[in-house]
Amino acid sequence: MKRLITIALLFAAVVSASAQEIVKTGLNFGPLPAIGYSSDLGWHYGVLSDIYWYGDGSTYPEYMWKANVEVSRYSKGNTVLHSFFDSKYLIPGLRVSAAISYFGNKTTNFYGFNGASSLYVPELDRITEDGMGFYLMRRDIFRIQTCFQGTFGDSNWGWAGGLTYWNIKTGHAVNKGLSGGANDVSLYDLYVLSGVIPEAEKNGGQHLELKAGVVYDTRDFENNPTRGTNIEAYVFGSPDIISKHNNSYLKLALHFKQFFPLGERLVFGGHLAFQGLIAGNAPFYMLQTIQSINMKQINTEGLGSTCTLRGTITNRLQGNSYAWMNTELRWTFAKFRAGNQNWALVLNPFFDMGMVVSPYRLEQMKALSGTQLITEGGKSYADFYTGQAEKLHMSAGAGLHVIMNQNFNINFEFGKCFDPNDGTGLGINIGLNFIF
């Protein structure tokens, strides 16, 4: 981390001593290699392109429209195909955004439901002969997403609505290191065999999800704010009209974001959030999906890892309802110009916490009490339902953000959770944007 900061500071001094920002106009086109790393998914490689249209520059640093295309792959076998478009000016008075995405996940993390109620065994979550694959399952996602936003007159209040189509396929991941026969199972398999995951849901399903709500926004700039408030309150849900697995559901989402300047280059940012079931029966494969009004990440999931509780293993916490908080300081320690672009370097120490506040299929989970798993090394693990009450899960860390024209944001974030039951290693992520 210290080396990254030193290199960035030296680069800033050599390229330009002036921090005066130029107004961008016209097309800003940036094809880049998609290079990143996630401690859960491995190395990320491929190509992506961000395209910004600033017109005559009168809206800068806000773009008139943005498009993004990515074709990439992770070293642990996952594939990303994604395209996105966003504009406040394509249709006067209406913000339009749309995305079409495919995530081919040969392996995705599955740690069970209800946080502390699910036993986490680090020995089964490592590439060793005693357990590689136990916390893995397969999940392929095809998604078409649209969102429309407008304002109520000249006020800071507005409305939002949208439609998302999901086609999700789930199943058993290949487990290496577990013994053969009846014991060659993953946690996903145990949940299916015990009925925690119903037979009708085990292979996934299709959903047409609708969302509608209100938005309040006084931030000075959406992608890199220094002051202001952003509130989002909306409901989203799906009638069970496609897969017909008795999975109609309705959820409520609340987000409160606040930014305070603490000087010329220091900003405090806070984010309080809640997402929970208010009616129906959500399928297990939709629990980790965090719906949003405006996409900050290509695929927003939680609770855990880069989108919510940084430093916690991905999707460690799943339940009917959960709440979380993110706080961080953002220190812009360098501004400069290079390649006719405006650049800024930002450090962001952070603290995150969250928990499941309404359990998911807790009674069915109790059937796992006393379940025994014997691995090739002869070790025995039992009680995958711990019976423990849920508690706060916390993590902290820091990141370095390289920001171009206050929009394109490459981040290097490192986080560590406080409880070893939420992960034992250092969470590392190289990706895009602030998480809020």
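Position labels on residues start from 1 in each chain and follow its written sequence. Owing to the predicted nature of the model, reporting of local features is limited to residues with pLDDT of at least 70; listing and counting of side-chain atom pairs is limited to 80 or more, with chain, interface and lining totals taken over all residues. Only hydrogens and water are removed before side-chain values are computed, so all heavy atoms of the structure are retained for them.

1. Some remarks on the overall build of the chain
Okay, so step 1: Within the chain, the regular secondary structure consists of three helices and 20 strands.
Okay, so step 2: Think of it in three bands: with a 1.4 Å probe and only protein chains considered, a residue is buried below 20% of the maximum accessible area for its type, exposed above 50%, and partly exposed in between. Looking at the chain as a whole, 54% of its 436 residues are labelled buried.
Okay, so step 3: Only the protein chains shown count as cover for residues, and all accessible areas are computed by the Shrake-Rupley method using a 1.4 Å probe. Only carbon and sulfur atoms are counted for the fraction: they give 62% of the accessible area of the chain, which is about 18,200 Å². Here a strand is any run of E in DSSP of at least two residues, a helix any run of H or I of at least four, and the numbering for each starts at the N terminus.

2. Points about the confidence of the model for the chain
Okay, so step 1: The quantity known as pLDDT measures the predictor's confidence residue by residue, on a range of 0 to 100. When the pLDDT values of the chain are averaged, the result is 86; 87% of them are 70 or greater.
Okay, so step 2: For the chain, per-element mean pLDDT is lowest for helix α1 (residues 2-15), which scores 44, and highest for strand β11 (residues 249-261), which scores 98.
Okay, so step 3: Between two residues, a contact is recorded if the distance between any of their heavy atoms is within 4.5 Å. Throughout residues 127-131 the model reports pLDDT below 50, and contacts reaching past four residues in sequence, or to other chains, amount to 19 contacts.

3. Re the nonpolar core
Okay, so step 1: Phe110, Phe113, Tyr135, Tyr191 and Phe284 are the most contacted members of the largest nonpolar core, which has 35 residues in total.
Okay, so step 2: Elements represented by at least two residues in this core include exactly β7 (136-151), β8 (157-172) and α2 (187-194).
Okay, so step 3: If one sorts the elements of this core by residue count, α2 sits on top with five residues.
Okay, so step 4: Discounting chain neighbours no more than four positions away, the residues touching Tyr135 are Thr108, Asn109, Phe110, Tyr111, Leu119, Tyr120, Val121, Leu124, Asp125, Leu187 and Phe384. For our purposes a nonpolar core is just a set of buried Ala, Val, Leu, Ile, Met, Phe, Trp, Tyr and Cys residues, chained together by side-chain atoms within 4.5 Å.

4. Details of the packing of aromatic side chains
Okay, so step 1: Pairing of aromatic side chains requires ring centres within 6.5 Å, counting the rings of Phe and Tyr and the six-membered ring of Trp. Pairs whose planes differ by under 30 degrees are stacked, by over 60 edge-to-face, and all others tilted. Under the counting rule described, the total for this entry stands at 23 aromatic pairs.
Okay, so step 2: Between the aromatic rings of Tyr52 and Tyr54, the centroid separation amounts to 6.0 Å while the plane-to-plane angle is 15°, which identifies the pairing as stacked. This pair shows no difference in class: Tyr52 is buried, exactly as Tyr54 is.
Okay, so step 3: Aromatic pair Trp157 and Tyr216: ring centres 4.8 Å apart, planes at 45°, arrangement tilted. In this pair, Trp157 sits in strand β8 while Tyr216 sits in strand β9 (residues 204-217), placing the two residues 59 residues apart along the sequence.
Okay, so step 4: The exposure class of Trp157 is partly exposed, given its relative accessible area of 40%.
Okay, so step 5: Here the basic side chain of Arg310 rests over the ring of Phe350, its NZ or CZ set 3.8 Å away from the ring centre.
Okay, so step 6: A cation over an aromatic ring shows up here: Arg330 above the ring of Phe434, its NZ or CZ 3.8 Å from the ring centre. Charge-over-ring contacts are defined here by two conditions on Lys NZ or Arg CZ: a distance within 6 Å of the ring centre and an angle within 35 degrees of the ring normal.

5. Some points on the pattern of salt bridges
Okay, so step 1: Each reported salt bridge corresponds to a side-chain nitrogen of Lys or Arg within 4 Å of a carboxyl oxygen of Asp or Glu. Under the defined criterion, the tally for this structure stands at 15 salt bridges.
Okay, so step 2: Across the salt bridge formed by Glu301 and Arg139, the nearest N and O atoms sit 2.7 Å from each other. Taken together, the residues Glu301 in the loop between β12 (266-280) and β13 (321-338) and Arg139 in strand β7 connect sequence positions 162 residues apart. This pair shows no difference in class: Glu301 is buried, exactly as Arg139 is.
Okay, so step 3: The residue Asp419 makes a salt bridge to Lys391 at a minimum N-O spacing of 2.7 Å. Of this pair, Asp419 sits in the loop between β19 (408-417) and β20 (427-432) while Lys391 sits in the loop between β17 (380-382) and β18 (393-404), and the two are 28 residues apart along the sequence.
Okay, so step 4: Assessed through its relative accessible area of 18%, Asp419 is described here as buried.
Okay, so step 5: One continuous salt-bridge network, built from bridges that share partners, spans Arg310, Glu328, Arg330, Asp352 and Glu413.

6. Focus: the pairing of β8
Okay, so step 1: Strands are treated as partners if at least two bridges between them are detected by DSSP. The sheet contact formed by β7 and β8 spans 15 bridges and is antiparallel. Across the sheet, the residue bridging to Phe142 is Asn167, located in β8.
Okay, so step 2: Following β7, the chain reverses through five residues before pairing antiparallel with β8; Gly153 in that reversal takes a positive phi of roughly 65°.
Okay, so step 3: Of the strand pairs in this sheet, β8 and β9 are connected by 13 bridges, and their pairing is antiparallel. Of the residues in β9, the one forming a bridge with Gly161 is Ala212.

7. Observations concerning α2
Okay, so step 1: Judged by how many residues are buried, α2 sits mostly within the fold: six of eight residues are covered.
Okay, so step 2: Where α2 is buried, its residues touch β7, β8 and α3 (362-365).

8. Brief notes about the pairing of β9
Okay, so step 1: Relative to strand β10 (residues 228-238), β9 is paired through eight bridges, and the arrangement is antiparallel. When the bridges of β10 are listed, Lys211 appears paired with Phe236.

9. What about a nonpolar patch on the surface?
Okay, so step 1: Here the term patch refers to residues with relative accessible area over 30% and no salt bridge, with like charges joined within 9 Å and nonpolar side chains (Val, Leu, Ile, Met, Phe, Trp, Tyr) within 5 Å. Nonpolar side chains collect at one region of the surface, where Val47, Val69, Val71, Leu81 and Tyr102 lie side by side and expose about 400 Å² of accessible area between them.
Okay, so step 2: Inspection of the secondary structure assignment puts Val47 in strand β3 (residues 42-53).

10. What about unusual backbone geometry?
Okay, so step 1: Residue Tyr60 is joined to Pro61 through a cis peptide bond whose omega torsion reads 15°.
Okay, so step 2: One can find Pro61 in the loop between β3 and β4 (65-74).
Okay, so step 3: For Asn315, which is not glycine, the phi torsion reads 60° and is therefore positive.
Okay, so step 4: With respect to the helices and strands, the residue Asn315 is situated in the loop between β12 and β13.
Okay, so step 5: Even without being a glycine, Asn405 presents a positive backbone phi close to 55°.
Okay, so step 6: Mapped onto the elements, Asn405 comes out in the loop between β18 and β19.

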